[in-house]
Amino acid sequence: MKKNAEITVLSETVRVQRIAQEDFISLTDIAKFRNPDAPADIIKNWLRSRSTIDLLGLWEKLNNPAFKLVEFDQFRFEAGENTFVLSPKKWIETTGAVGLISKSGRYGGTYAHKDIAFEFASWVSVEFKLYLIKEFQRLQEAEQKQLGWDVKRNLTKINYRIHTDAIRANLIPPELTGKQISLIYASEADVLNMALFGITAKDWRDANPGEKGNIRDQANASQLVCLANLENLNALFINEGMPQPERLQKLNRIAIEQMEILTGEHSRRLLGEGGQA
């Protein structure tokens with residue numbers, strides 16, 4: 001889900017935010033369904049309830065290892081009393097809660113993790129809760145479809161040929177020697193590494209001790225596309241019973257051809273040959 005989004009629930013605009021890979025829904029916007037002029041008062045009234053404190057405490061225990069249980073117990077003891085008043089900000093600051101967020105600015109107000117927000121919506125109006133869940137699910141489905149489109153679009157970009165000669169020279173895999181082909185490699189991953197990069201994972205780590213990750217983490221988009229193709233072809237060759245040296249030689253040749261196509265080198269050579277004819 002994108003960072004900021006909006007859904008319409010029974011004519012009310014409800015803001016949704018993506019925070020730390022979790023979805024948070026505006027309680028302020030939900031509360032406006034009951035009292036558009038003083039939504040903060042609706043939230044405070046909800047927080048006064050013992051059942052609300054129990055709900056929030058249970059959620060934090062399940063999801064927040066830094067939740068302050070002693071402070072929570074004090075709120076739980078006082079909840080329901082006529083003199084008990086609790087604001088979202090006080091709850092967050094006192095207990096270290098992460099299920100509620102109090103924000104200022106354009107997207108300001110009180111937000112809650114979707115688990116909590118749905119319960120608050122039920123307290124405000126069961127009807128509103130059901131429509132909220134429906135619209136929230138519709139938002140997620142729409143963004144999943146958009147994600148699928150973005151993946152297809154990015155793959156198209158990935159396959160677009162790279163034009164600079166300097167980059168091309170660094171991307172075309174080296175043709176392996178007979179000695180390299182005859183070696184028996186411990187893993188199929190290294191067979192692919194040799195075919196595409198001309199080096200094993202261990203040799204790359206030894207040569208690049210200061211780099212994070214592995215050789216594939218350093219690969220660019222075109223190399224990753226080529227690698228995916230090589231993985232499929234290697235699986236096919238294994239099923240056919242092809243010996244590892246033969247597979248490596250074929251995969252290396254295929255990697256060279258595919259990278260030449262992806263980088264435009266192949267078409268440039270063909271044009272050159274045509275001109276000479």
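Note that the structure is a prediction, hence the values are computed from the model and not measured. (Residues numbered from 1 in each chain as written. Predicted model: local features only at pLDDT ≥ 70, side-chain atom pairs only at ≥ 80, totals over all residues. Heavy atoms only, no water.)

1. Here's the deal with the pairing of strand β3 (residues 22–26)
Piece 1. Counting buried positions along β3 yields four of five residues, so the element is predominantly enclosed.
Piece 2. Hairpin connection from strand β2 (residues 12–19) to β3: two residues lie between these consecutive antiparallel strands, with A20 at a positive phi of about 50°.
Piece 3. Bridge count for β3 against strand β5 (residues 109–113) is three bridges, and the pairing is antiparallel. In the strand pairing of β5, S26 is matched with Y111. (Buried < 20%, exposed > 50% of the residue type's maximum accessible area, 1.4 Å probe, protein only. Helix = DSSP H or I, 4+ residues; strand = E, 2+ residues; numbered from the N terminus. Pairing = 2+ DSSP bridges.)

2. A look at the packing of helix α4 (residues 69–78) against helix α5 (residues 88–95)
The relative placement of two packed helices comes down to the angle between their axes together with the axis-to-axis distance.
Piece 1. Following both chains from N to C, one finds α4 and α5 inclined at 140°, their axes separated by 8 Å at the closest point. Along the contact surface, α4 presents E71, F72 and F75, while α5 presents K90, W91, T94 and T95.
Piece 2. The residue makeup of the contact of α4 with α5, split by class, is three nonpolar, two polar and two charged. (Axes fitted to C-alpha atoms, helices over the stretch in contact; angles between N-to-C directions. Contact = heavy atoms within 4.5 Å. Nonpolar A, V, L, I, M, F, W, Y, C, P; charged D, E, K, R; others polar.)

3. Things to note about the side chain of T95
Piece 1. Structurally, T95 can be placed in helix α5.
Piece 2. In contact with T95, not counting residues within four places along its chain, are A66, F67, K68, E71, F72 and F75.

4. Remarks on the environment of F136
Piece 1. With respect to the secondary-structure elements, F136 resides in helix α7 (residues 126–158).
Piece 2. Counting along the chain gives 129 residues from F136 to I7, while the straight-line C-alpha distance between them is 7.1 Å.

5. Here's the deal with unusual backbone geometry
Piece 1. Although it is not a glycine, S11 adopts a positive phi angle of roughly 75°.
Piece 2. Judged by its relative accessible area of 66%, S11 is exposed.

6. Remarks on α5
Piece 1. Three or more residues of α5 are buried, namely P88, W91, I92 and T95. All buried residues of α5 fall inside an arc of 100° around its axis, so they share one side.
Piece 2. Contact partners of the buried residues in α5: α2 (39–47), α3 (50–63), α4, β4 (100–103) and β5.
Piece 3. Taken from the residues just after α5, G96 is the one with a positive phi, measuring 70°. (Arc of directions from axis to C-beta.)

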